[in-house]
Amino acid sequence: MTRELWKGNEAIAEAAVRAGLQAYFGYPITPQTEALEYMSWRLPDLGRVFLQAESELGAINMVYGAACAGARTMTTTSSPGTSLMMEGLSYIAGTEVPMVLVDVVRGGPGLGNIAPAQGDYNQIVHGGGHGDYHPIVLAPASIQEAVDIVYQTFDIAEKYRTIVIVMLDGSIGQMMEPAEMPPMQEVRKVWPAWSASSTQGKRERNVLTSIYLDPKDMEKTNLRLMKTWQQIEKNEIRYKEYFMDDAKFAVVGFGSAGRVALSAVRAARAEGIPVGLFRPISVNPFPKQQILALTDKMDGFFVVEMNSGMMLDDVLLASQGRIPVEFYGRMGGVMPFPDEILREIRRLHAEGWKAEGHPRDRWLAKLEQIINEE
Amino acid sequence: MTRELWKGNEAIAEAAVRAGLQAYFGYPITPQTEALEYMSWRLPDLGRVFLQAESELGAINMVYGAACAGARTMTTTSSPGTSLMMEGLSYIAGTEVPMVLVDVVRGGPGLGNIAPAQGDYNQIVHGGGHGDYHPIVLAPASIQEAVDIVYQTFDIAEKYRTIVIVMLDGSIGQMMEPAEMPPMQEVRKVWPAWSASSTQGKRERNVLTSIYLDPKDMEKTNLRLMKTWQQIEKNEIRYKEYFMDDAKFAVVGFGSAGRVALSAVRAARAEGIPVGLFRPISVNPFPKQQILALTDKMDGFFVVEMNSGMMLDDVLLASQGRIPVEFYGRMGGVMPFPDEILREIRRLHAEGWKAEGHPRDRWLAKLEQIINEE
Amino acid sequence: MATTNFENMQVIYQHPESLLDKNTHYCPGCTHGVAHRLVAEVLDEMNLRDKTIGVASVGCSVFAYNYFDFDFVEAPHGRAPAMATGVKRVHPDKIVLTYQGDGDLISIGTGEITHAAARGENITVIFINNANYGMTGGQMAPTTLPGQKTTSSPKGRDVEQAGYPIRTSEMLATLDGAGYIVRRSLHDPKHIRQAKKAIRMAFETQVRGLGFSMVELLSTCPTNWHLSPVEATHWLEENMLPFYPLDDFKVHPALKNLNF
Amino acid sequence: MATTNFENMQVIYQHPESLLDKNTHYCPGCTHGVAHRLVAEVLDEMNLRDKTIGVASVGCSVFAYNYFDFDFVEAPHGRAPAMATGVKRVHPDKIVLTYQGDGDLISIGTGEITHAAARGENITVIFINNANYGMTGGQMAPTTLPGQKTTSSPKGRDVEQAGYPIRTSEMLATLDGAGYIVRRSLHDPKHIRQAKKAIRMAFETQVRGLGFSMVELLSTCPTNWHLSPVEATHWLEENMLPFYPLDDFKVHPALKNLNF
Amino acid sequence: MQNETVIAGFGGQGVLFVGKVLAHAALEVGMEVTWFPSYGPEMRGGTANCTVIFSNEEIGSPQVLNPTSAIVMNQPSLDKYEDMVVKDGYLIVNTSMTNREVKRKDIHAVCLPATEIAEEIGDKRLTNIVMLAALIKASDFFGQAEMETALKKSLEGKKNDLVAANMIALQKGFEFRA
Amino acid sequence: MQNETVIAGFGGQGVLFVGKVLAHAALEVGMEVTWFPSYGPEMRGGTANCTVIFSNEEIGSPQVLNPTSAIVMNQPSLDKYEDMVVKDGYLIVNTSMTNREVKRKDIHAVCLPATEIAEEIGDKRLTNIVMLAALIKASDFFGQAEMETALKKSLEGKKNDLVAANMIALQKGFEFRA
Amino acid sequence: MPLSGTIVVDENLCKACELCIVNCPVQVIALDMEHITPRGFHPATLVKEGCTGCGTCAVVCPEAAITVYREKRAEKERA
Amino acid sequence: MPLSGTIVVDENLCKACELCIVNCPVQVIALDMEHITPRGFHPATLVKEGCTGCGTCAVVCPEAAITVYREKRAEKERA
Ligand SMILES: Cc1ncc(C[n+]2csc(CCOP(=O)(O)OP(=O)(O)O)c2C)c(N)n1
Ligand SMILES: Cc1ncc(C[n+]2csc(CCOP(=O)(O)OP(=O)(O)O)c2C)c(N)n1
Ligand code: SF4
Ligand code: SF4
Ligand code: SF4
Ligand code: SF4
Ligand code: SF4
Ligand code: SF4
Ligand SMILES: [Mg+2]
Ligand SMILES: [Mg+2]
């Protein structure tokens, strides 16, 4: 096993290359740009396709074309770029072609800043472009996890002919950690049967489109998408648990927020507080069965995010009001310190769980104080 | 009171004109285009600004400019156009300037079709562009309601310096109904104090931006947006109830789906079934307190939508698992007939409420049969 | 009339193979159909059908893929050149074409077409300029003539407010990546024959790897112009030709001696 | 040195009023600063500051609004011309300018700039061409020269794969709505003086309502070119000038006799 | 009580327009009304239909599976809507464009050669008004006076002789006896 | 047990690079490690810092409020981080760029004129390595041999004389006695 | 002497746009008012003698509905 | 005889880019290596006699850091 130090953005680029990526299209944007820059020499060296597009609209539609053409294809971007890709993503979903998008989330809304944040959760997980569809969204928390996930995404995307989004935040894109790179896969030599790769006089023509003028046809497509989604919900749940065996309550956090929470949970354990950490990796599909099952064993959930409580809604929805839920988040590119989470864990442990009002409202009142004091 | 027959798209255009709209920018797309066409003669006749943009990106950013410049401004579009506006909307939210968007939703995802649908709910209500913000989303169900709401949106948008989205579906855009037009308001003569309207040598310069390079500044902005949103959640809840006084269970549906449900509920009442209708008008903020309160009185909620169950999640979230929830939806531009809803109401009345599994899964199994039979 | 003895006859013209024998959704007399036919004829003649991939756009030609008998994808409004780029980069040995209307190509899709041309993307663009947005019911396009009435310029295009029409071919011909850019018209047999030659040249450009090729075709929209098909051809001739000169704006030197 | 007696002195040059007396975030020697100064000087001379509204773009000049002393808004990447259109339509009697980099203006913002020009939108565009994406760390831009090394063309721009640079002014000058489009450079005093005159002309164009005006300014990016500021001016002169000729591409007849 | 009328035919037969006339009539007598078109593909051609619902209370669904009346202007529309009309409902058939009899006995069917009648007036595009008049007469939804007002409203701004021709068509429709 | 080192200074002082050397050293001995930069505005200039955490188990937060050690290359960094280092932690101060003494008594402070030492070697850009060496020596996180390997790893592909100069800087840092 | 030719119009495709009619140099095409196609049009048809098989009608037909035949001549003439 | 002039460099603004230095026609500017500005630069400064007040340095300065003064002459000379 050879572990090497990798910068997050470069690591995911290399992982995609090793997974047999055939064509990459992207547009520079901090804190994602190193991925594009890495691809700009790596892919041409291997004789594969790299192209810097004129914009994110260009990039996503080049990806759309390459996906229809049958290639393993991806793009990487950051929040405003993701917004610009919404139309394209909706088309890709409607056309049922596989692709991979990595969103290295930064502070928003608007131009915001380039600091690590998780404020795209709503846009990516709950929203998306127009119409009825769901992308798979995976949120790794370390560079090794990101590498392993990116390496698998193409297979997943192709299995369901769907979009897979890897949602990182600026922190994971910019940090370095040791990672072991998976082996180099051979690039696929045959084009998928459904692809627009020209008939070669050997088959009926393939038409790939997302227009279904008759609502009944569209509805059949919608139904197919929904049934695929049911399969995905069954097969693609991923999460990781820490100290959960004997935990009395659980912190729930994904990505970098989950890592920060891990530090806090460790410190709390050192103080004898029986707290665990549940870290969703697939945030879409969300591990709602697991969360629901935990309601039997836990006194409460403490959700931690780097946004205004977006996954919080999923935890609330999954836990169906059976146990109290508390929330703590930082926004706009501020990454919480473990100490902040630890303080809340201690408080919950000492004071117990109260449930008046909405956890978001309780948090907002608190956050205002914290911000004023900092 | 003079009621006149109005086509939905033209009615909302005229309502906006009467509300003192100063500048409209748009791009043609069915089933919204009549609004743009109406504006193309109406506004120039009044000496106000009409401009057909080169694209939806152009349109939303012209609106952004006009909003920063201090004008009452709006655009209208339909689903793919809304996707393209996501970046602009996020910027507008981050800059805290008021504007109005009307989305006349069509079947999707992708190019889809132009039939009436509600599949943008996730994108508009749950998602939006990147970063932490929420637009107000109002979903009228008739032309008079649309007129009244559009007439008020500018005041609401300015009160909170926020985005107000009026979410219609193709059906409301295309149908005709009688409506009474509100009186013509005077166009505002002074520019708001915060607007980028040039200093005239009389004040400090105004800078309107959404970039906050220091995460702490961004977070303060996020906090301000969230606190404004709390105010909005307090003040801007709208909904309408039908036959709810003595209802044992409630259908919940918005917009056209709510109307179709009304016909079904009436028919059910005629058969003696004690069912009511709860029709949210503000879908963001969602009337969650009202839904929660109803759980004390109702045996269950029956959610009806023209999508795959997007508001369903809000009902589930609001009702906190206290009573069973059932779902029925048609997708991709198919508008359900009242008979379909009635059939389900009868069944729920006769068979009672079962709660195994997720309502969406139960519905999907059923829908497949229905589609195969049709 | 006397019945014909077909034995002594040769077929001078027949339905091209690259075009399916299908009823189109185009309005009667709409020259979109002529453009389709010419593309199919050229692909037949060059024997390219089996290796061609088409990219349809959003506009009346959105269903182009229903008529052409080869692989096809359908792009979002304006993005066909980007999608075609994705396809072509993956299949550099295949023939890739986009078929786009004026609203699609030079309104919402201005960025994508400009950069495909600038990159010298080795694709062929069939550009149908009918001076309005046909599919959505006849709104003003960037190509709508000064004074022309449309549903969104009901008093006639006022250039002071709505701006001036864009001469797309002239604009794109300023780009180094452009290999072949010409404008032709579909309003009468002579011009249709010239248009076909240009389409042939465009595909030859692609086959030879000489960069971006585009044929702008002046086309009628009888429905939204509120004219009969025949009147529409006259309107085109009288109004569009003076504003949109038929010319070769960029011809790669390597093409200069080709003749068909 | 002897101390100076300022009494007998007149001020030949001082910090312009339209520019705040603030430290910029620009790298040492970056000619973005020169462009800022020239715009401020011209607005001072024309006495326009109180009625000007600026539109900043996304690029190194994103914080332009921190330095200019008048109302400002900040546009999404590439959309400044659309935002400026919104502002100008609401305030037709005010002066509206955008300040955009080459990535912003002619990569992601190609559609918006083209249509603002085509519409003859009565705004002034200050276009900073520094042959790369400065802010994001020196990636290839549409203006990057053939063979030029950037962080996303590490072996030098390969025109076969990445396409050819765009000569923006030449392209936009094909549009009827363009009132004044010229290219100038900021690499030495003589050219800076000429640039200032051009900026003056551009604002005169707007004041007179003669349509869209744009001054393309060749500008240095010492940091990403990995050169000292002085070396950067030489690089510009030797490499950019031959590819981007300094010229007047469109001058409205009504401007021809103006002189400053 | 609520009335639902479907009007169906080829594009160009004035199906949407005649729906508007009916809607105007309902508005005239102070009822709630909804005019709901099937708006086809983003292009021209094909078939067209619209549903007009009027009622004394807030109208729910703008379309119904089983309308209380149907005006069918051509054969495909007859085939589609004959079975759908509710029992005791109205079916108005343009025999000029259909080639079979109405099968159902449990509805009020009015069959008239509306296109021929319109051609007699001098403009076959008036077929739609003739058909509408036949429905109104059979169903008694509104009086002829209200229909005339509604028709005038719908033709506001149109040339006088066009209005006159429409009025004659309305008259002819009312006069028709099967 | 987990070690957290913050390295802070002006942009251009090689703060990020020396963090990588430390990270490589941790990797060398088979530990988990995280190198986390403060990546500034989308442009150049200003201050820079990075946090290197190494540990025997999965690393949680990549940044901490109170690091176990801090290398401060200039005055603002000293002002910012002196108070933050945990009790009994390490604070390495570049006295060439600071103008006051360390106040805290409950931490291990090592103050050295690193820039001067680097200038003595012939390149003040080696200040960072001198500082790092001082930390390693004081804290005994790793042996000098591991540091040398790490430094070579970090300089892979660089010119030989640069590597040699860096090695000398490492040596000088280890040799320094306050 | 002009060549003699003939055309066959595919009634499934013709939409009666009349472009072939106005462009035929010898004016031998007209709409067949007696006949309605499945899509409701009066199709174009050859109504007079004199077709030269010049192919012009096919060149303008937007529906590719016309097949054109022309009398065979000796090989050399065809070059 | 050349006019005599002088310049004042605003040390808060100067970033030591040296553009004024290389462009001064009489080469009278240099960086002041003795001095460091609040932002850490050695600022440009007049180091020799002979400034003509020509203003060239100000024209090239990206930071608008230079104020240029020039000796007054009789009114007529200034036209
Ligand atoms: C993002 C988006 N915006 C708008 C539309 C609506 N739309 C469909 S076709 C069209 C215009 C087509 O005009 P043109 O490209 O000129 O083609 P034509 O129909 O004239 O051949 C528009 C605006 C859309 N489908 N998607
Ligand atoms: C939608 C979007 N895409 C990408 C970016 C990232 N970005 C910021 S500045 C920039 C390029 C700026 O280059 P240019 O316009 O040439 O200005 P310069 O910095 O060179 O002056 C990019 C790609 C962004 N902010 N938003
Ligand atoms: S609307 Fe115009 S462009 Fe479209 S098919 Fe009809 S005639 Fe042709
Ligand atoms: S990166 Fe380049 S363009 Fe940006 S401020 Fe620095 S030198 Fe100027
Ligand atoms: S082939 Fe020529 S002559 Fe014959 S019908 Fe056609 S156009 Fe007329
Ligand atoms: S040109 Fe073609 S479609 Fe038109 S009338 Fe003639 S045969 Fe029919
Ligand atoms: S004013 Fe002229 S002479 Fe004086 S320092 Fe400046 S450039 Fe040199
Ligand atoms: S040009 Fe300006 S910033 Fe540069 S050294 Fe001279 S005074 Fe300083
Ligand atoms: Mg068109
Ligand atoms: Mg640049």
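Since the model is a prediction, treat every value here as computed from it, not as a measurement.

Overview of the overall build of chain E
- Counting its secondary structure elements, chain E contains six helices and six strands.
- For chain E, the α and β elements follow one another from N to C terminus as β-α-β-β-β-α-β-β-α-α-α-α.
- Scaling as 2.2 N^0.38, a compact globule of 178 residues should have a C-alpha radius of gyration of about 16 Å, and chain E matches this with 15 Å.
- Along the three orthogonal principal directions, the C-alpha set of chain E runs to about 40 × 40 × 40 Å.
- The long-range fraction of contacts in chain E, counting pairs at least 24 apart against all pairs at least 6 apart in sequence, stands at 54%.
- As presented, chain E carries roughly 7700 Å² of accessible surface, and 50% of it is formed by carbon and sulfur atoms.
- Between the mean site of the 17 positive side-chain charges and the mean site of the 22 negative ones, chain E shows a separation of 5 Å.

Brief notes about the interface of chain B and chain A
- Contacts between the two partners involve 67 residues from chain B and, on the opposite side, 67 residues from chain A.
- With both sides pooled, the region where chain B packs onto chain A buries about 5700 Å², and carbon together with sulfur makes up 61% of that total.
- On the chain B side of the contact with chain A, P109, H130 and E219 of chain B bury the most area, a combined 12% of that side's loss.
- Between chain B and chain A we count six salt bridges in total.
- Residues E219 of chain B and R330 of chain A are paired through a salt bridge, measuring 2.7 Å at the closest nitrogen-oxygen approach.
- Applying the counting criterion to the chain B and chain A interface returns 37 residue pairs in polar contact (both at pLDDT 80 or more).

A few points about the coordination of the magnesium ion (ligand 9)
Residue and element names in this part refer to chain C.
- Around the magnesium ion (ligand 9), the protein supplies D102 (OD), N130 (OD1) and N132 (O) as donor atoms, at distances of 2.0 to 2.2 Å.
- If you list the donors of the magnesium ion (ligand 9) from N- to C-terminus, the spacing comes out as D-x27-N-x1-N. Note that D102 is positioned in helix α3 (residues 102-108) and N130 in the loop between β5 (124-129) and α5 (159-162), a separation of 28 residues in sequence.

Some thoughts on the coordination of the magnesium ion (ligand 10)
- Around the magnesium ion (ligand 10), the protein contributes the donor atoms D102 of chain D (OD), N130 of chain D (OD1) and N132 of chain D (O), which lie 2.0 to 2.2 Å from the metal centre.
- Taken in sequence order, the residues that donate to the magnesium ion (ligand 10) follow the motif D-x27-N-x1-N.

Section: the interface of chain D and chain H
- Between chain D and chain H, the contact holds 35 residues from the first and 38 residues from the second.
- Around 2900 Å² of area is buried between chain D and chain H when both sides are counted, 60% of it from carbon and sulfur atoms.
- There are 14 residue pairs in polar contact (both at pLDDT 80 or more) connecting chain D and chain H.
- The set of elements that each furnish at least two residues to the side of chain D that touches chain H consists of β1 (9-13), α1 (32-45), α7 (189-207) and α9 (229-243) of chain D.
- Broken down by element, the residue count for the side of chain D that touches chain H peaks at five residues, all from β1 of chain D.
- Considering only residue class, the side of chain D that touches chain H consists of 18 nonpolar, eleven polar and six charged.
- By the bridge criterion, four bridges tie β1 of chain D to strand β4 (residues 66-71) of chain H in an arrangement that is antiparallel.

Scoring rules and cut-offs
- Residues numbered from 1 in each chain as written.
- Chains lettered and ligands numbered in written order.
- Predicted model: local features only at pLDDT ≥ 70, side-chain atom pairs only at ≥ 80, totals over all residues.
- Heavy atoms only, no water.
- Helix = DSSP H or I, 4+ residues; strand = E, 2+ residues; numbered from the N terminus.
- Rg over C-alpha atoms; globule rule 2.2 N^0.38 Å.
- Contact = heavy atoms within 4.5 Å.
- Areas by Shrake-Rupley, 256 points an atom, 1.4 Å probe, with all protein chains shown as cover.
- Lys, Arg positive; Asp, Glu negative; His and termini not counted.
- Charge placed at Lys NZ, Arg CZ, Asp CG, Glu CD.
- Buried area = accessible area lost by both parts, 1.4 Å probe.
- Salt bridge = Lys/Arg side-chain N within 4 Å of Asp/Glu carboxyl O.
- Polar contact = N/O pair within 3.5 Å; in protein donor to acceptor, adjacent residues only side chain to side chain.
- Donors = N, O, S within 2.8 Å, 3.2 Å for Na, K, Ca; no water.
- Nonpolar A, V, L, I, M, F, W, Y, C, P; charged D, E, K, R; others polar.
- Pairing = 2+ DSSP bridges.

The values are spatial; any link to function lies outside them.
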